[in-house]
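This is what each chain is made of:
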Amino acid sequence: EFFGPHGPALLILVLPAVVYGLFLACNQADCLSVWPTLHIPSSLKALPESLTLFSWEAMGVFGAWFGGLALLHLILPGKRVQGAPLPDGSRLTYKLNGALRNGTLKAMSVYWPHLQAQWEGAMLSGHGSSGYPWYDFWMGRELNPRTGTFDWKEFCEMYPGLIGWVIINLGMAHKQYMDIGRVTNSMVLVNAFQLYYVVDALWNEPSILSTMDITTDGFGYMLAFGDLAWVPFVFSCSSRYLADYPMDLSAAGVAAVLAVKLLGYYIFRGANGQKDTFRRNPDHPSVAHLKTMPTTRGTKLIISGWWGMSRHINYLGDWIMGVAWCMPCGLAGLYSIIPYFYCIYFATLLIHRERRDDAACRKKYGRDWDKYCAMVKYRIVPYVY
Ligand code: NDP
């Protein structure tokens, strides 16, 4: 995984460079073009002079944001929910209060959990205890680093990055308003779609506890950087583009964007809801009719309905929604790749994630997984992939 035991060393250097690169390659001055001629923006050519790698002001703002949210998380009331069983059979209790409020020391939070895991007694993640230092740092040695009852991984997964993404989007809409005196319909669509996605994630916060990120992956560079830097700064690429290059969609354009979004949402919610309901209560009337396959592990696998179409039809729905998030940038994609970066990157993430889940399921289910794959042939896109 991740290009072998030393691959993460490369990713740790390359991914932050991509975050800076996206900003330098597309900003108010210019935007990297791909067609008809390759045109390199002056901001990229001027890279050594214009690049500021560290600023105390940015560190202060980010620290206050992270610290403020952590304080709210600690003092506000929250639901106490039991997590999935851990490898030793025990369960952790999580305080979840994302749906209550509207609301990150990035580097410190990465190093601190990592250091904590060196101490004796910590439960290590299966992936992050390979003995290869860069690999373990990337995957995260400790499965659930905690300070008291404060769970670093769950907190970073749900609050600072996701909510920070929404705040940056709103900031982009505000910038547009300051520049042209109004907010374009394309900006409204991007803000509304992504706000809804984040509110939905916070509202359904308990469902994060059964995801691979929480149950299997340690809290290493991959999740900390992904949660705190990649999500807010890369996912907001489309709204940042629209702040610099305001545009309105025609009525037909708005209808097309909404149709793609609804199609994606229908698949995403339908598939995730079906599996979630089935795992909680297989006799529930909405799932009782589904065909299933018994396994020696004891849990059944669904082989009809959404989960009979492909082994990760939910990823397809999620990706289609991602396309709808970029479409408000109109035909800019023909000129520059950056407004469409999210859906291109997301396709690669989901393809890679499907391979990781496939390997995990093969381990969990053994030969039953091969039988299941023979019945449900496609990985993500029915009849295509
Ligand atoms: P899934 O929700 O697809 O869960 C995979 C697990 O479901 C498997 O390990 C297996 O676990 C169970 N399962 C697989 N097939 C079946 C079946 N046929 N019947 C019953 N159970 C089955 O995986 P993720 O956690 O990766 O994704 C959750 C959602 O989050 C997705 O919609 C995804 O698109 C989204 N996501 C979004 C990201 C983003 O950046 N926006 C990043 C990653 C994910 P078991 O059998 O043990 O229950």
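Note that the coordinates shown come from a computational prediction; the quantities given were computed from them, not determined experimentally. (Residues numbered from 1 in each chain as written. Predicted model: local features only at pLDDT ≥ 70, side-chain atom pairs only at ≥ 80, totals over all residues. Heavy atoms only, no water.)

As recorded in UniProt, the sites labelled "transmembrane region" (unreviewed entry) are residues 53–76, 180–199, 219–237, 249–268 and 319–347. For residues 53–76, the helix share is 83%, the strand share is 0%, and the end-to-end C-alpha distance is 35 Å. End-to-end, the C-alpha atoms of residues 219–237 are 26 Å apart, and along that stretch the chain is 79% helix and 0% strand. (UniProt positions renumbered as here; feature names shortened; annotations may be inferred. Helix = DSSP H or I, 4+ residues; strand = E, 2+ residues; numbered from the N terminus.)

Most of helix 12 (residues 237–244) is tucked away, with 8 of its 8 residues classed as buried. Within the sequence span of helix 12, burial applies to C237, S238, S239, R240, Y241, L242, A243 and D244. (Buried < 20%, exposed > 50% of the residue type's maximum accessible area, 1.4 Å probe, protein only.)

In the neighbourhood of the ligand, 23 residues make up the surrounding shell, with R279, Y315, D318, R353 and Y365 lying closest. Y315 has a polar side-chain atom sitting 2.6 Å from an oxygen atom of the ligand. For the ligand, whose free accessible area comes to 930 Å², the fraction covered by protein is 84%. Secondary structure elements with two or more residues in the shell around the ligand: helix 13 (251–280), strand 8 (301–302), helix 15 (313–326) and helix 17 (341–365). Here the element with the most residues in the shell around the ligand is helix 17; it accounts for 7 residues. Its residues assigned to classes, the shell around the ligand shows 12 nonpolar, 4 polar and 7 charged. (Near = heavy atom within 4 Å. Polar contact = N/O pair within 3.5 Å; in protein donor to acceptor, adjacent residues only side chain to side chain. Areas by Shrake-Rupley, 256 points an atom, 1.4 Å probe, with all protein chains shown as cover. Nonpolar A, V, L, I, M, F, W, Y, C, P; charged D, E, K, R; others polar.)

Another point: helix 17. Taking 1.5 Å as the rise per residue, helix 17 with 25 residues should run 36 Å; its terminal C-alpha atoms sit 36 Å apart, in good agreement. Looking at helix 17, one finds that the buried residues are F341, Y342, C343, Y345, F346, L350, E354, R356, D357, D358, C361 and Y365. Positioned one or two residues after helix 17, G366 has a phi angle of 60 degrees, which is positive. (Expected span 1.5 Å × (residues − 1).)

Using the criterion set out here, one finds 1 disulfide in the structure. Its sulfur unpaired, C237 is 7.3 Å from the next cysteine sulfur, which belongs to C26. On the accessibility criterion, C237 (2% relative accessible area) is buried. (Disulfide = S-S within 2.5 Å.)

By the definition in use, this model includes 13 salt bridges. Put simply, D136 and R141 hold a salt bridge, and the shortest N to O gap is 3.8 Å. Comparing D136 with R141, the two get one shared label, buried. Salt-bridge contacts for D368 lead to K371; the nearest nitrogen and oxygen are separated by 3.5 Å. One end of the pair, D368, and the other, K371, are both in helix 18 (residues 367–375), 3 residues apart, so they sit about a helical turn from each other. According to the relative accessible area criterion, D368 is buried, its value standing at 7%. Each of R311, D358, R362 and D370 takes part in salt bridges that share partners, so that together they form one network. (Salt bridge = Lys/Arg side-chain N within 4 Å of Asp/Glu carboxyl O.)

Moving on, we get to the packing of aromatic side chains. Overall, the coordinates contain 31 aromatic pairs when judged by the stated rule. Centroid distance W165 to F235: 5.1 Å. Interplanar angle 80 degrees. Geometry classified as edge-to-face. One end of the pair, W165, is in helix 8 (residues 160–180); the other, F235, is in the loop between helix 11 (221–234) and helix 12, with 70 residues separating them in the sequence. Exposure remark for W165: the relative accessible area of 0% places this residue in the buried category. Centre to centre, the rings of Y266 and W306 are 5.5 Å apart; their planes meet at 75 degrees, and the pair counts as edge-to-face. Here Y266, found in helix 13, pairs with W306, found in helix 14 (residues 306–309); they are 40 residues apart in sequence, far enough to count as distant. When its relative accessible area of 16% is taken as the criterion, W306 is described as buried. Sitting over the ring of Y94, R146 keeps its end group 4.9 Å from the ring centre. Of note, R297 hangs over the ring of Y365, and the distance from its end group to the ring centre comes to 4.8 Å. (Phe/Tyr/Trp six-rings, centres within 6.5 Å; stacked < 30°, edge-to-face > 60°. Lys NZ or Arg CZ within 6 Å of the ring centre and 35° of its normal.)

Ranked by internal contacts, the top residues of the largest apolar core, which has 91 residues, are W138, F155, W230, F235 and I338. Filtering out sequence-adjacent residues up to four positions away, I338 remains in contact with L22, A25, C26, C31, L32 and C237. Counting residues in hydrophobic clusters, the runner-up holds 8 residues, among them M293, Y372, C373 and V376. (Core = buried A, V, L, I, M, F, W, Y, C linked by side-chain atoms within 4.5 Å. Contact = heavy atoms within 4.5 Å.)

Before going further, it helps to examine the UniProt feature "signal peptide" (unreviewed entry) in the protein. Feature annotation in UniProt places "signal peptide" (unreviewed entry) on residues 1–21, given in this structure's numbering. What you have in residues 1–21 is 71% helix and 0% strand, and the ends, taken at the C-alpha atoms, are 25 Å apart.

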